[in-house]
Amino acid sequence: MTKAELVSAVALKTGFAKSDISVIVEATISSIQETVVGGEDVFLRGFGSFVTKTRKQKVARNILKEQSIIVPEHKVPAFKPSKDFIQKLK
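How each quantity is defined
- Residues numbered from 1 in each chain as written.
- Predicted model: local features only at pLDDT ≥ 70, side-chain atom pairs only at ≥ 80, totals over all residues.
- Heavy atoms only, no water.
- Axes fitted to C-alpha atoms, helices over the stretch in contact; angles between N-to-C directions.
- Helix = DSSP H or I, 4+ residues; strand = E, 2+ residues; numbered from the N terminus.
- Parallel < 35°, antiparallel > 145°, perpendicular 65-115°, else oblique.
- Left-handed = near helix turned anticlockwise from the far one by under 90°.
- Contact = heavy atoms within 4.5 Å.
- Nonpolar A, V, L, I, M, F, W, Y, C, P; charged D, E, K, R; others polar.
- Phe/Tyr/Trp six-rings, centres within 6.5 Å; stacked < 30°, edge-to-face > 60°.
- Buried < 20%, exposed > 50% of the residue type's maximum accessible area, 1.4 Å probe, protein only.
- Polar contact = N/O pair within 3.5 Å; in protein donor to acceptor, adjacent residues only side chain to side chain.

Bringing the packing of helix 1 (residues 3-14) against helix 2 (residues 18-37) into the picture now. Contact pair helix 1 / helix 2: the axes reach a minimum separation of 9 Å and the direction vectors enclose 125°. It follows that helix 1 is oblique to helix 2 by the angle criterion. Here the hand of the crossing between helix 1 and helix 2 comes out right-handed. In this structure, helix 1 contributes K3, L6, V7, S8, V10, A11 and T14 to the contact, and helix 2 contributes K18, I21, S22, V25, E26 and I29. Here the residues of the contact of helix 1 with helix 2 sort into seven nonpolar, three polar and three charged.

Quick look at the structure:
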């Protein structure tokens, strides 16, 4: 599902205009991104959590140049679905 399809689906269910729903979806995504980038986690009960995970420093190989490369510690965004969400998938 794309963002446009999400906007259309929400507009159908709520009866609001697509332009209004589009603004709400954009604002929601932007708020989640800003919060996670700021170092906080976002918890949506019944859906899941958007968290920041830290990947440790590791040694990787560039097989084309046959060299070892040190990949520094870095942070990555992650999504953890809620138990309810997982149960609905099963």
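Past the structure itself, the notes keep going.
On to the packing of aromatic side chains, then. Under the definition given, this model contains three aromatic pairs. Geometrically, the ring pair formed by F47 and F85 is stacked, given 5.4 Å between the ring centres and 20° between the ring planes. Separated by 38 residues along the polypeptide, F47 in the loop between strand 1 (42-44) and strand 2 (48-55) and F85 in helix 3 (residues 83-89) bring together distant segments of the chain. The exposure class assigned to F47 is partly exposed, which follows from its relative accessible area of 37%. Chaining the aromatic ring pairs together yields one cluster made of F47, F50, F79 and F85.

Before going further, it helps to examine the side chain of S82. Topologically, S82 is positioned in the loop between strand 5 (74-81) and helix 3. Here S82 falls in the buried class, since its relative accessible area comes to 16%. Here G46 takes part through its backbone oxygen, which lies 3.2 Å from a polar atom of the side chain of S82. Among the polar contacts made by the side chain of S82, one reaches the main-chain amide nitrogen of F85 at a distance of 3.2 Å. Residue contacts for S82: discarding those within four places in its chain leaves G46, F47 and G48.

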